[in-house]
Amino acid sequence: MAEKITPQSEDFSRWYVDVVRHAGLADYSAVRGCMVIKPYGFAIWENIRDQLDKMIKETGHQNAYFPLFIPVSFFSKEAQHVEGFAKEAAVVTHYRLRLNPETRQIEPDPEAEQTEPLIVRPTSETIIWNTFKDWIHSWRDLPLKINQWANVVRWEMRPRLFLRTAEFLWQEGHTAHATAEEAMEEARLMWQVYETLMRDYLAIAPYKGTKTPGERFAGAEETFTLEALMKDRKALQMGTSHFLGQNFAKAFDVTFTNRRGEREYVWATSWGVSTRLIGALIMSHGDDRGLKIPPRIAPIQVVIIPIFKSGADEQKVLETARNITDQLRRAGIRVLLDDDNTKRPGWKFNEYELKGVPVRIALGPRDVENNVVEVARRDTLEKTQFPIDGLVNRISHLLEQLQQSMLEENKRWHKENTIPVATIDELKEVIEQKKGFALAFWSGTTEDEERLQEETGATIRCILPDDSEEGTCIVTGQKTRQKVLIAMAY
RNA sequence: CGGGGCGUAGCGCAGUCCGGUUAGCGCGCCUGCCUUGGGAGCAGGAGGUCCCCGGUUCAAAUCCGGGCGCCCCGACCA
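Residues numbered from 1 in each chain as written. Chains lettered and ligands numbered in written order. Predicted model: local features only at pLDDT ≥ 70, side-chain atom pairs only at ≥ 80, totals over all residues. Heavy atoms only, no water.

### Focus: the domain arrangement of chain A
Then comes step 1: When cut into domains, chain A gives domain 1 (12-66 + 79-89 + 127-285), domain 2 (300-397) and domain 3 (418-487).
Then comes step 2: The C-alpha-based centres of domain 1 and domain 3 are spaced at 26 Å.
Then comes step 3: The partner domain 3 presents 16 residues to the 16 residues of domain 1 that form the contact.
Then comes step 4: Between domain 1 and domain 3 lies a buried interface of about 1,300 Å² when both sides are counted; carbon and sulfur atoms form 60% of it.
Then comes step 5: At the junction of domain 1 with domain 3, the criterion picks out two salt bridges.
Then comes step 6: Those elements giving two or more residues to the side of domain 1 that touches domain 3 turn out to be strand S11 (207-210), strand S12 (222-229) and strand S13 (235-245).
Then comes step 7: A per-class count over the side of domain 1 that touches domain 3 returns five nonpolar, six polar and five charged. (Domains from an automatic or database assignment. Contact = heavy atoms within 4.5 Å. Buried area = accessible area lost by both parts, 1.4 Å probe. Salt bridge = Lys/Arg side-chain N within 4 Å of Asp/Glu carboxyl O. Helix = DSSP H or I, 4+ residues; strand = E, 2+ residues; numbered from the N terminus. Nonpolar A, V, L, I, M, F, W, Y, C, P; charged D, E, K, R; others polar.)

Listed below in structure tokens is the structure:
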């Protein structure tokens, strides 16, 4: 009776850590704020990554790789940008160690100090724009659409597995365009790509909106965001796509000659999602038994658990199990036959539920006799019997059905926990009682926003694109068409 | 970066206040038997710089001083 996880209702943070660790996704490491992503967790990331990579390439982008280290001088060129990241930058000041003859300690060699310190990239805009300067000269070089898969470092003061760690994995897209319109279109397109990834693969239906000036990416003129509500009713920013205007082009002097022979600054975008998506996945779908992974990104889609008493039945049951495994595998289903004889079936049932495997097939002597298997789905925990004849088709359909119903469940969750509010008092009630997203009309200033956060702890997660109706702003009392979502956030 | 807590076997902890046999317990691990339709049972076994450095003492996991590390709660962030 080991591996017990804390119920969500008792302590959601502990539930989260218990699930991450017991399901074998990740562990704390010897380095403060850094985690080890374990094989099962990394397999989820690989599935997300492979899918997104395909989508990035289908929309005309190419992968490339830029340095981990960035000279401080590059970094300081865009004022907003430095301000945004300086507080959490890791700095490389030496390029050699030595053994101190007196203390017998290994220490940075004072003789080997960098003439110019390097920072470890918190994001790559600066090194990339410094490079784009050399790549872009003519309108014929545009658009330039580059993506990189990389690790980045942001020295977080309060780390949390997958959600905030000092080092994390992500993809960052960086593009250059001849016109503002085209760059804006690009930023919106990738926003859409992210939404597709989240809905169709992660089975999460986040809100799409834009960030207020105060919440925007450092250096952006517009930030498009995807905001989802976790099961503790706190909001999580799942991904962002930025229209950067000409800020980086001006900072790095990136110009092109247009068709009329005039020099112009290029227009830029950047966009990224990270291993944080795994955190979103865990907290969007998980329950007290552990993870629920949607089939399209599940490392194991189907687990087969044979049940038998040693001896007579063993051969028959295993043979049938292997046969089914082969059939499913040939149909392209990621299937695991767990014939480990040192673990008992009950233990395995719990283990694979904890790991969020969407479908479990159990078969024992009785089933083999009757030519059926027991099929259990992880999302609803329903058990049914399927005949072995035509099993592959039924399982394929079940996986697809499970994928859809997880998405529907998540849509319902968002709908149920989005509460319209007309006054500050109503807003406070929603926040204090942890009801989720408060939906409000808003025409306040950045100062109003800051005061809101001080008073309630909540922030404006995004401005919704819908401006179809007019209402009264909850802080200014003015008429406005702008609606925002307000929530406590990660 | 502020506040709190914790460092004792792979993991979770007791023992520390009030110094004194061979430092315990649960889980896990190893061997064997037995079991297998929802985290089995029995028997035997291995496993410890008690976070580090210094001090007090006949004697330190325990008392004193200093250091290090990590976790949790708040402000900042993907």
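### A closer look at the sheet that holds strand S5 (residues 90-94)
Then comes step 1: Across the sheet, three strands lie side by side as S4-S8-S5; this open sheet has antiparallel pairing. Two strands lie at the open edges of the sheet, namely strand S4 (69-71) and S5, each paired on one side alone. Taken pair by pair, the neighbouring strands of this sheet meet at an average axis angle of 40 degrees, ignoring direction.
Then comes step 2: Note: S5 against strand S8 (residues 113-120), four bridges, orientation antiparallel. Opposite Val91, over in S8, you have Ile119 as the bridge partner. (Pairing = 2+ DSSP bridges. Axes fitted to C-alpha atoms, helices over the stretch in contact; angles between N-to-C directions.)

### Focus: the protein's contact with RNA strand B
Then comes step 1: The environment of RNA strand B is made up of 42 residues, and the closest members are Arg32, Arg158, Gln237, Ser310 and Asp367.
Then comes step 2: Within 4 Å of the protein, the contacting atoms of RNA strand B are drawn from sugar and phosphate to the extent of 43%.
Then comes step 3: In the environment of RNA strand B, a base nitrogen lies 3.3 Å from a nitrogen or oxygen atom belonging to the side chain of Ser274.
Then comes step 4: One nitrogen or oxygen atom from the side chain of Gln453 is found 3.1 Å from a phosphate oxygen belonging to RNA strand B.
Then comes step 5: Breaking the surface near RNA strand B down by element, the ones donating at least two residues are helix H10 (345-354) and helix H11 (365-370).
Then comes step 6: Looking at the surface near RNA strand B element by element, the count peaks at seven residues for H10.
Then comes step 7: Of the residues in the surface near RNA strand B, the class split is 13 nonpolar, 10 polar and 19 charged. (Near = heavy atom within 4 Å. Polar contact = N/O pair within 3.5 Å; in protein donor to acceptor, adjacent residues only side chain to side chain.)

### Observations concerning the pairing of strand S19 (residues 359-363)
Then comes step 1: With respect to burial, S19 is a largely interior element, five of its five residues being buried.
Then comes step 2: Every second residue of S19 is oriented toward a common face, with Val359, Ile361 and Leu363 on one face and Arg360 and Ala362 on the other, all of them buried.
Then comes step 3: Across five bridges, strand S17 (residues 302-306) lies against S19 in parallel orientation. Bridge pairing links Ile305 to Ala362 in S19.
Then comes step 4: In this sheet, strand S20 (residues 372-377) lies alongside S19 in antiparallel orientation, the contact comprising four bridges. (Buried < 20%, exposed > 50% of the residue type's maximum accessible area, 1.4 Å probe, protein only.)

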